[in-house]
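Structural description and commentary
One letter stands for each residue in the lines below.
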Amino acid sequence: MQVLSKTASALLTKSLRSFSTHQVLSEAAKRGLVLGMLSNNKLLNADSASLSSAQQQSLIAKAAALGFSGEAGKVQTVLSDDLQQHIALVGLGNAQEAEANKINATETEVVRMAVATGVRQLLQAHKVNSVTIAPMPHAQAAAEGAQLAVYKFDQFKSNEESNDETPANVSVSWLDSTQREWDAGQITARAQNFARDLMNTPANFMTPTLFAERVQREFQGLENVHVRVH
């Protein structure tokens, strides 16, 4: 009986520890961070994300162990040491160009795509419901990428179908003082998402009359805008 009691106690302790770890990971899964990494294995503006030097070194070591080196177009997700958030390391490529903010059209697209891919990875693989974007070389492009990535069109899907995909009502925040550029990117991306809604809605729910009424509603109250329906 004593042996059985000890065994039961050990199993209970193991179960509680497992449950506790699961709870912590569940909480971590709700938060995400998109952090730029340059091609020289240097994190970009990690201090703004309240990451200590030790945490930054740990992230760099994890990235290296996984074969990630900040190459443009590549993304690697890792769990923070304190298990508080999932971090998407997004490759921004050339360090000298990015640090000097010399971003041409091609490099702007790199930022846009990097942030979009990072956000999408956090949503689809880790089901986060909030994402923070660390400062990037081009705030407007970062905002566009983030907002385009959280787009969902599930108006005609059942609750079961919707729950199998990315979370709804994901909040996205920006950790930088360049708020005007970020806001401009948000507006641009939301306009694109509005156009995607119009395109994705089935014709029987978006007749010419309904289309015109929707557009009039969206543009109502905007200065210097007049909608003429033919």
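The structure under discussion appears in the preceding block.
Structural notes, computed from the coordinates. (Residues numbered from 1 in each chain as written. Predicted model: local features only at pLDDT ≥ 70, side-chain atom pairs only at ≥ 80, totals over all residues. Heavy atoms only, no water.)

1. Things to note about the packing of aromatic side chains
Scanning all chains against the criterion turns up one aromatic pair. Both rings, one in tryptophan 174 and one in tryptophan 182, keep their centres 4.8 Å apart while their planes meet at 10°; by these two values the pair is stacked. No difference in accessibility class separates tryptophan 174 from tryptophan 182, as the two residues are buried. (Phe/Tyr/Trp six-rings, centres within 6.5 Å; stacked < 30°, edge-to-face > 60°. Buried < 20%, exposed > 50% of the residue type's maximum accessible area, 1.4 Å probe, protein only.)

2. Brief notes about the pattern of salt bridges
Counted under the stated rule, the structure contains five salt bridges. Salt-bridge contacts for aspartate 81 lead to lysine 62; the nearest nitrogen and oxygen are separated by 2.8 Å. Residue aspartate 81 is located in the loop between β3 (75-79) and β4 (86-93), and its partner lysine 62 is located in helix α2 (residues 53-65); the two are separated by 19 residues in the primary sequence. Within this structure, Glu109, Arg112 and Glu144 form a network of salt bridges that share partners. (Salt bridge = Lys/Arg side-chain N within 4 Å of Asp/Glu carboxyl O. Helix = DSSP H or I, 4+ residues; strand = E, 2+ residues; numbered from the N terminus.)

3. Structural notes on α2
Here α2 spans 18 Å end to end across 13 residues, near enough to the 18 Å set by a 1.5 Å rise per residue. Those residues of α2 not exposed but buried are Gln56, Ser58, Leu59 and Ala63. The arc that holds the buried residues of α2, viewed along the axis, is 160°, so those residues lie on one side. Exposed positions of α2 whose direction lies more than 90 degrees from the buried face are Ser53, Ala54, Gln57, Ala64 and Ala65. The secondary structure elements touched by the buried residues of α2 are β1 (31-38), β2 (43-44), β3 and β4. (Expected span 1.5 Å × (residues − 1). Arc of directions from axis to C-beta. Contact = heavy atoms within 4.5 Å.)

4. A short note on a nonpolar patch on the surface
There is a patch of nonpolar side chains on the surface, built from Phe219, Leu222 and Val225 and spanning about 230 Å² of accessible area. Among the structural elements, valine 225 can be located in the segment after α8 (208-219). (Patch = residues over 30% accessible without salt bridge, like charges linked within 9 Å, V, L, I, M, F, W, Y side chains within 5 Å. Areas by Shrake-Rupley, 256 points an atom, 1.4 Å probe, with all protein chains shown as cover.)

5. Digging into α8
With twelve residues, α8 extends 17 Å from end C-alpha to end C-alpha; this agrees with the ideal 16 Å at 1.5 Å per step. Every buried residue of α8 is accounted for by Ala212, Arg214 and Val215. What you see down the axis of α8 is that its buried residues fit within an arc of 160°, all on one side. The outward face of α8, more than 90 degrees from its buried face, is lined by the exposed residues Thr209 and Arg217. Tucked inside the fold, the buried residues of α8 contact α7 (179-200). Glycine 221 lies just past α8 and shows a positive phi near 85°.

6. Some thoughts on the pairing of β1
Of all eight residues making up β1, seven are buried, and the element is well covered by its neighbours. Of the pairings in the sheet, the one linking β1 to strand β5 (residues 130-133) comprises four bridges and is parallel in character. Residue leucine 33 lies in a different strand from β5, and its bridge partner there is threonine 132. Here β1 pairs with β4 via seven bridges, running parallel. Considered in β4, the bridge of glycine 36 is made with valine 90. (Pairing = 2+ DSSP bridges.)

7. Observations concerning the nonpolar core
Val34, Val115, Val119, Val131, Ile133 and Met136 are the most contacted members of the largest nonpolar core, which totals 27 residues. Elements represented by at least two residues in this core include exactly β1, β4, α4 (105-126), β5 and α5 (139-149). Every residue in contact with valine 34, bar those within four places of it in the chain, is listed here: Ala88, Val90, Val115, Gly118, Val119, Leu122, Val131, Thr132, Ile133, Ala134 and Met136. Ranked by size, the runner-up nonpolar core spans 14 residues in total, among them Leu35, Leu51, Leu59 and Val78. (Core = buried A, V, L, I, M, F, W, Y, C linked by side-chain atoms within 4.5 Å.)

On their own, these measurements won't tell you what the molecule is for.
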